Amino acid sequence: MQVLARNLAQRVSRSQAKSHFVYEMMFLQVISRYAYSTQRVRDIGQPTPASHPHLMAEGEVTPGIRIEEYIGRRKKLAELLPQNSLAIVSSAPMKMMTDVVPYTFRQEADYLYLTGCQQRVAWLVLSSEHGLCMFMPESTPNDIAWQGEVAGVDAASKVFKAEQAYPISKLPEILSDMIRSSSKVFHNDQTASQKYTNLDEFKKSASLGKVKSLSSFTHELRLIKSPAELKLMRESASIACQGLLKTMLHSKGYPDEGILVAKVEYECRIRGAQRMAFNPVVGGGSNASVIHYSRNDQR
């Protein structure tokens, strides 16, 4: 933009026939023609093909995974569930580092696997009778100012293709009716939320032994990988191999565990990794025999 403006100013200076007003009009035309603003594309709180064409192809909900695959996963889970049963999965909670500073968010694995949704504070309910029902947050201007745009009810229907979508405020009423009419309730007990476990209908079902863990079903689903998942796994392995090799070459000149942590993360991220699968273990000497060593503060 600065080069465009400078070249434009030089042309105006050489001609000496244009007024300051004309120069300003030409400059504004250059800006309107070449400037790019993400505000032209709707933000739903996570990348989409429209907002991030450099990361995702048309039809993908997350990089490499198309909406059809997410719908297929949900269909397979619904088929595995006993007749007239319900599956409930919470998104991952936001974990705070301090009162106002959150840790980097990582979505709950089952919720992400079934929807592709990166939204915090949301719930999904799945059954053969109801299909996918998503309960989404209602953002306020204050929420957006602090955390950015969030995926709401509209995104649940249009992007994640939920058959039903409601604001979270409707969850107690609607989910209670669903639980009441179900013979069994399966949920991710590791990330269970009081938002639904405190409902009278859920407590009643639990007391009657009708509440079970969902993990056996989702583990079975994820045992066999799709072609798209295999492709992502190969790309991930390639990134890790290149990152490790570059870090090994770097280690002779910079034999500090902390520096090598930064190096391997850098090399992986510039090759396209969204995040590290686990915190790097960089152990020298006796630390090398500690499997989950994570201090990374020695030479």
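Residues numbered from 1 in each chain as written. Predicted model: local features only at pLDDT ≥ 70, side-chain atom pairs only at ≥ 80, totals over all residues. Heavy atoms only, no water.

Along helix α10 (residues 215-223), the positions that sit buried rather than exposed are Phe 217, Thr 218 and Leu 221. Looking straight down α10, one finds that the buried residues subtend no more than 90° of arc, so they occupy a single side. In α10, the exposed residues that point more than 90 degrees away from the buried face are His 219 and Leu 223. Where α10 is buried, its residues meet α3 (67-80), α4 (109-115) and β7 (184-187). (Buried < 20%, exposed > 50% of the residue type's maximum accessible area, 1.4 Å probe, protein only. Helix = DSSP H or I, 4+ residues; strand = E, 2+ residues; numbered from the N terminus. Arc of directions from axis to C-beta. Contact = heavy atoms within 4.5 Å.)

Where α3 meets α10, the closest approach of the two axes is 10 Å, and the angle between their N-to-C directions is 130°. In this view, α3 runs oblique relative to α10, as classed from their interaxial angle. Considering how the two elements wind past one another, α3 and α10 form a crossing that is right-handed. Every residue of α10 that contacts α3 at Arg 73, Lys 76, Leu 77 and Leu 80 is listed here: Phe 217, Glu 220 and Leu 221. Along the lines of polarity and charge, the residues of the contact of α3 with α10 split into four nonpolar, no polar and three charged. (Axes fitted to C-alpha atoms, helices over the stretch in contact; angles between N-to-C directions. Parallel < 35°, antiparallel > 145°, perpendicular 65-115°, else oblique. Left-handed = near helix turned anticlockwise from the far one by under 90°. Nonpolar A, V, L, I, M, F, W, Y, C, P; charged D, E, K, R; others polar.)

What follows is about the pairing of strand β5 (residues 131-136). Extensive coverage of β5 is indicated by the burial of six of its six residues. Both strand β4 (residues 123-127) and β5 contribute to a ladder of five bridges, which runs antiparallel. Residue pairing across strands places Trp 123 opposite Phe 135, the latter belonging to β5. Between β4 and β5, which follow one another and run antiparallel, lie three residues. Here four bridges tie β5 to strand β6 (residues 164-167), and the two strands are oriented parallel to one another. Each residue of the ladder has a partner; that of Cys 133, found in β6, is Gln 164. (Pairing = 2+ DSSP bridges.)

Further remarks concern the confidence of the model for the protein chain. For the protein chain, per-residue confidence averages 88 on the pLDDT scale, and residues scoring 70 or more make up 87% of the total. Confidence, expressed as mean pLDDT per element, reaches its minimum in the protein chain at helix α2 (residues 20-34) with 47 and its maximum at β7 with 98. The model gives residues 12-18 a pLDDT under 50, and that stretch makes three contacts with residues more than four places away or in other chains. A low-confidence stretch, residues 30-36 stays under pLDDT 50, and its non-local contacts, those more than four residues away or across chains, total nine contacts. (pLDDT = per-residue confidence, 0-100.)

Bringing a nonpolar patch on the surface into the picture now. A cluster of nonpolar side chains, Met 97, Val 100, Val 101 and Tyr 103, forms an exposed patch at the surface whose accessible area comes to about 390 Å². Of note, Met 97 is situated in the loop between β3 (85-90) and α4. Judged by relative accessible area, Met 97 falls into the partly exposed class, the value being 48%. (Patch = residues over 30% accessible without salt bridge, like charges linked within 9 Å, V, L, I, M, F, W, Y side chains within 5 Å. Areas by Shrake-Rupley, 256 points an atom, 1.4 Å probe, with all protein chains shown as cover. Salt bridge = Lys/Arg side-chain N within 4 Å of Asp/Glu carboxyl O.)

A word on the sheet that holds strand β8 (residues 211-213). Taken together, the six strands give an open sheet; going across it, the order is β6-β5-β4-β3-β7-β8, and neighbouring strands pair in mixed fashion. Taken across any chain shown, the strands that pair with only one partner, and hence form the sheet edges, are β6 and β8. Taken pair by pair, the neighbouring strands of this sheet meet at an average axis angle of 20°, ignoring direction. Where β3 lies against β7, four bridges are found, and the strand directions are parallel. Residue pairing in the sheet places Ala 87 in a bridge with Phe 186 of β7. Helix α7 (residues 171-180) rests against β3, β4, β5, β6 and β7 of the sheet, and its axis sits at about 145° to β3.

Here we come to the packing of helix α11 (residues 227-251) against helix α12 (residues 257-269). If you want to describe how two helices pack, look at the angle between their axes and the distance between the axes. Between α11 and α12, the least distance of the axes is 8 Å, while the angle of their chain directions is 145°. With respect to the hand of their crossing, α11 and α12 are arranged in right-handed fashion. Within the contact between the two elements, α11 uses Ile 239, Ala 240, Gly 243, Leu 244, Lys 246, Thr 247, His 250 and Ser 251 and α12 uses Ile 259, Leu 260, Lys 263, Val 264, Glu 267 and Cys 268. Its residues assigned to classes, the contact of α11 with α12 shows seven nonpolar, four polar and three charged.

When you line up the elements, Asp 110 lands in helix α4. Leave out the neighbours within four places in its chain, and Asp 110 touches Val 89, Asn 188, Thr 218 and Arg 222.

Quick look at the environment of Gln 118 now. On the secondary structure map, Gln 118 appears in the loop between α4 and β4. Between the alpha carbons of Gln 118 and Ala 92 there is a distance of 9.1 Å; along the sequence they are 26 residues apart. Excluding residues that lie within four positions of it along the chain, Gln 118 makes contacts with Gln 46, Phe 105, Gln 107 and Leu 112.

The sheet contact formed by β7 and β8 spans three bridges and is parallel. Its bridge partner being in β8, His 187 is matched across the sheet by Ser 213.

Counted by the stated rule, this structure contains three aromatic pairs. When the centroid spacing of 5.1 Å and the interplanar angle of 90° are considered together, the rings of Phe 186 and Phe 217 count as edge-to-face. Of the two residues, Phe 186 sits in strand β7 while Phe 217 sits in helix α10, which places them 31 residues apart along the sequence. Residue classification places Phe 217 among the buried residues on the basis of a relative accessible area of 15%. Ring plane angle 75° and centroid distance 5.3 Å describe the contact between Tyr 196 and Phe 202, whose orientation is recorded as edge-to-face. Overall, the relative accessible area of 1% leaves Tyr 196 in the buried class. Take Phe 202: its relative accessible area is 6%, and that puts it in the buried class. Positioned above the aromatic ring of Tyr 70 is the side chain of Arg 73, whose terminal nitrogen or guanidinium carbon lies 4.9 Å from the ring centre. Above the ring of Phe 105, the side-chain terminus of Arg 120 is found at 5.1 Å from the ring centroid. (Phe/Tyr/Trp six-rings, centres within 6.5 Å; stacked < 30°, edge-to-face > 60°. Lys NZ or Arg CZ within 6 Å of the ring centre and 35° of its normal.)

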